[in-house]
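Now for the letters of each chain:
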Amino acid sequence: MNLSLSDLSPPLRWTSPGQIAPIVEEPQLPEAWWQAIPLDRACALVGTQTVAGRLADLAVACWGHLMLGDILPLLRFSDPAEAERTPEMLGKDVVQKLFTGVFERLLEPVPDAVPAPVRADRPLPELIDELFAALDDRQRAIARDRLYAEQRATLDELAQRFSVTRERIRQIERDLRDHIEAWLGKPEVAPLVAHVAWLRGRLGSAVPADDLQAAVPWHGTELGALGIPAWRFVRTLLTGYEQAEGWLVSGGSDELREKTRQLFTDGPRPLAEAVAMVSQLGVREDVAERWILATPQLRVLGRHVVPWPRSINEKAEAVLAVAGTPLSPEEIQERIGEDYSLVGIRNQLTADDRFLRVDRNKYGLTRWGGDEYLGIREMIAREIERAGGEASVSTIVTNLTSRYDVSESSVRAYSGGPGFERTQRGWIRVAGTSPGGEVTYQPRKDVSETRRSFRSRDGRWWHRVDINAEHLRGSGSPLPTGFAAYLGMAPGGQLTASAPSGDVVISWHNQPTMGSIRNVLAEYNAREGDHVFLTVSDGGELLTRYLPAAPVAMPPINRALYLLGYTAPVGSESEGLRLIGARIGLPDTAAREEVLARLRERGDRDILAYLGA
């Protein structure tokens, strides 16, 4: 025998030697013995069971999803039923026993006999055609129109054509399959069997379906007896492969796609590295990129393979991870390349703690670190705090314009506006603070004590508007004083918040009042009874989040959380109360009665009703 283990097991030919060696190395055998020496010599040196055991170890560790018949094609002839099962299903001991049986039969001495004449140089299409030429017309029609047709004829159609019952057609089909299987065991058909084994090694675990047609020139030859190309017949000999969405896949396409997705759960990988990783699943390197592109929830982005789930947040995270640098919402929208609104992307970047606003219109990943951009007014206050309570306007201008995309005129305008005051030496400090930085002014009512105002995970406070007919008509509406004070307003002041649908003006005369938000509601196609949560960013942008009216069947604790803008399910009422407490400014350790008491003080009677209080 001059066949190595690699000649008999196709996966050994497309799996990386670096992955094989640690599992199958044997001190008594040379390096890369599975392809360097014949199988009979390896078995003579360490024993047939040891060789079979090493192949079984490799099958369980690396090819658990493949059918045994794809790992050792000879098993399809010795044990067809077990050949259809996988190492994951059987376990190492059973797989070793099956492999040992194949090797022992293969290594048995061949008794002297007169060899049957084999025409090795005979064209394989001619050999196949001879099989079908010997059939009668009805058998050939069933083979052509049912076994090997692209659009298979039904049993009823064939039964009607030949004036027999459906069961008779089924019996003829079954007899045909048995006849072909017996024919494959004949010595003169050995070249075709060897060709199919070679094909399994060439195709790997997944390949575009048209690759089979182009594998060798004779696959395109027409079989005269059936009037079909030879590759259609060959395709049926590749048991264990299924055709799905233009691919031939060994062992099940859904399973292989899931294994492919699992390779990238830790984040983006360079394309070259991703191709090498996918090839470890048995996909040839020359088709690995196409397989990745054909796998749902994966995408090639900037020469990287990234997980691509349905969530806009996760897509934005993948875009930033590949870019490796902060991007604007417009750039993220362009790179996602799908039908997501810019408003929606901005809102998600603001609300999700995976993202950090690092400049006026730039967002990065929180795990990259760095200072959060808080808006010009807040950044000025931060510079003053870092300077010890007061700082010169020139120093603030230099620091902020060198780090952020803000203009000198904007910094100077904010420095001279509400919220800051001059010191005796001409520097500025936060208005209402002493030189040591101690705050002497407090709003009359804190935002945490304000009805329908809730804190998100990033510390930002939002106000819930319960949409009514007046909002939809375009009327203005009152805003709680505690929330207006949180936005930096004071009596007599005015704040203009920018939005893609038009500016929204908040003014404070007798009480804070918000202008029309009809255009914002129209963007969401909002209806009476729905909710919109809104706040104003540090850069003066109106941020909104829309929630339709809650389903009637929603459990009470979830209805309560829904009114806070929290939509995920919770496991218990205690977990729900903890979340509610955090959203109204209480610590995680707050007891149930503390949460209920704060809700009563705030006037959130709708939430209390769902909590049974």
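On a predicted model such as this, the values are computed, not experimentally measured, just so you know.

**Some words on the packing of helix α12 (residues 124–133) against helix α16 (residues 190–203)**
How two helices pack is summed up by the angle between their axes together with the distance between the axes. The contact between α12 and α16 brings their axes to 10 Å, and the two run at 115°. Here α12 runs over α16; the crossing is left-handed. Contacts between α12 and α16 involve Leu-124, Leu-127 and Ile-128 from the former and Pro-191, Leu-192 and His-195 from the latter. Each residue belonging to the contact of α12 with α16 can be placed in one class, and the counts come to five nonpolar, one polar and no charged.

**Considering the environment of Asp-175**
Assignment of secondary structure puts Asp-175 in helix α15 (residues 166–184). Assessed through its relative accessible area of 41%, Asp-175 is described here as partly exposed. Once the C-alpha coordinates of Asp-175 and Pro-569 are considered, the two residues, 394 residues apart in sequence, prove to be 57 Å apart.

**Remarks on the sheet that holds strand β19 (residues 531–536)**
On the basis of which strands lie adjacent, the open sheet formed by four strands has the order β13-β14-β19-β20 and antiparallel pairing. Looking at the sheet topology across the chains shown, the edges are occupied by β13 (453–455) and β20 (542–547). Across the sheet, the mean angle separating the axes of adjacent strands is 30° when strand polarity is ignored. Sheet topology places β19 next to β20; six bridges connect them, and they run antiparallel. Counted as the bridge partner of Leu-534 is Thr-544 from β20.

**A look at unusual backbone geometry**
Even without being glycine, Arg-452 reaches a positive phi, approximately 65°. As for its position among the elements, Arg-452 is in the loop between β12 (428–430) and β13.

**Some thoughts on the sheet that holds strand β15 (residues 477–478)**
Across the sheet, four strands lie side by side as β15-β18-β17-β16; this open sheet has antiparallel pairing. At either margin of the open sheet sits one strand with a lone partner, and together these are β15 and β16 (494–497). In the sheet, β16 pairs with strand β17 (residues 504–508) via four bridges, with the strands oriented antiparallel. Looking at the pairing, Gln-494 lines up with Ser-507 of β17.

**Remarks on the packing of aromatic side chains**
Evaluated as defined, the whole model comprises ten aromatic pairs. Where Trp-33 meets Trp-34, the ring centres are 6.3 Å apart and the plane angle is 80°; that geometry is what we call edge-to-face. The residues Trp-33 and Trp-34 share a single accessibility class, namely buried. In textbook terms, an aromatic cluster arises when at least three aromatic residues are bridged by ring pairs, as seen for Phe-132, Tyr-148, Trp-183 and Phe-233.

**Quick notes on helix α33 (residues 592–602)**
Three or more residues of α33 are buried, namely Val-595, Leu-596, Arg-598, Leu-599 and Arg-602. End-on, the buried residues of α33 take up no more than an arc of 160°, which puts them together on one face. In this structure, the buried side of α33 is in contact with β13, β14 (461–466), α32 (573–583) and α34 (605–610).

**Topic: a nonpolar patch on the surface**
A cluster of nonpolar side chains, Leu-74, Phe-77 and Leu-106, forms an exposed patch at the surface whose accessible area comes to about 240 Å². Locating Leu-74 in the fold gives a position in the loop between α7 (68–71) and α8 (75–78). By relative accessible area, which is 33% here, Leu-74 ends up partly exposed.

**Quick word on the environment of Ser-572**
Here Ser-572 is to be found in the loop between α31 (556–562) and α32. Since its relative accessible area comes to 30%, Ser-572 is described here as partly exposed. In the structure, Ser-572 is positioned 122 residues away from Thr-450 in sequence and 26 Å away in space, judged by C-alpha atoms. Separated by 3.0 Å, the side chains of Ser-572 and Ser-574 make a polar contact.

**A few points about empty space enclosed by the protein**
Under the defined criterion, the tally for this structure stands at one cavity of 30 Å³ or more. Estimates place the volume of the largest cavity at around 50 Å³. What lines the largest cavity is simply Pro-10, Pro-11, Trp-14, Leu-66, Asp-70, Arg-200, Gly-204, Ser-205, Tyr-241 and Ser-250. The class makeup of the residues in the lining of the largest cavity is five nonpolar, three polar and two charged.

Conventions adopted
Residues numbered from 1 in each chain as written. Predicted model: local features only at pLDDT ≥ 70, side-chain atom pairs only at ≥ 80, totals over all residues. Heavy atoms only, no water. Axes fitted to C-alpha atoms, helices over the stretch in contact; angles between N-to-C directions. Helix = DSSP H or I, 4+ residues; strand = E, 2+ residues; numbered from the N terminus. Left-handed = near helix turned anticlockwise from the far one by under 90°. Contact = heavy atoms within 4.5 Å. Nonpolar A, V, L, I, M, F, W, Y, C, P; charged D, E, K, R; others polar. Buried < 20%, exposed > 50% of the residue type's maximum accessible area, 1.4 Å probe, protein only. Pairing = 2+ DSSP bridges. Phe/Tyr/Trp six-rings, centres within 6.5 Å; stacked < 30°, edge-to-face > 60°. Arc of directions from axis to C-beta. Patch = residues over 30% accessible without salt bridge, like charges linked within 9 Å, V, L, I, M, F, W, Y side chains within 5 Å. Areas by Shrake-Rupley, 256 points an atom, 1.4 Å probe, with all protein chains shown as cover. Salt bridge = Lys/Arg side-chain N within 4 Å of Asp/Glu carboxyl O. Polar contact = N/O pair within 3.5 Å; in protein donor to acceptor, adjacent residues only side chain to side chain. 1 Å grid on protein atoms, 1.4 Å probe; cavity = no way out; pocket = protein on both sides within 12 Å on 5 of 7 lines; lining within 4 Å. Points joined across faces, edges and corners; volume = space filled by probe spheres on them.

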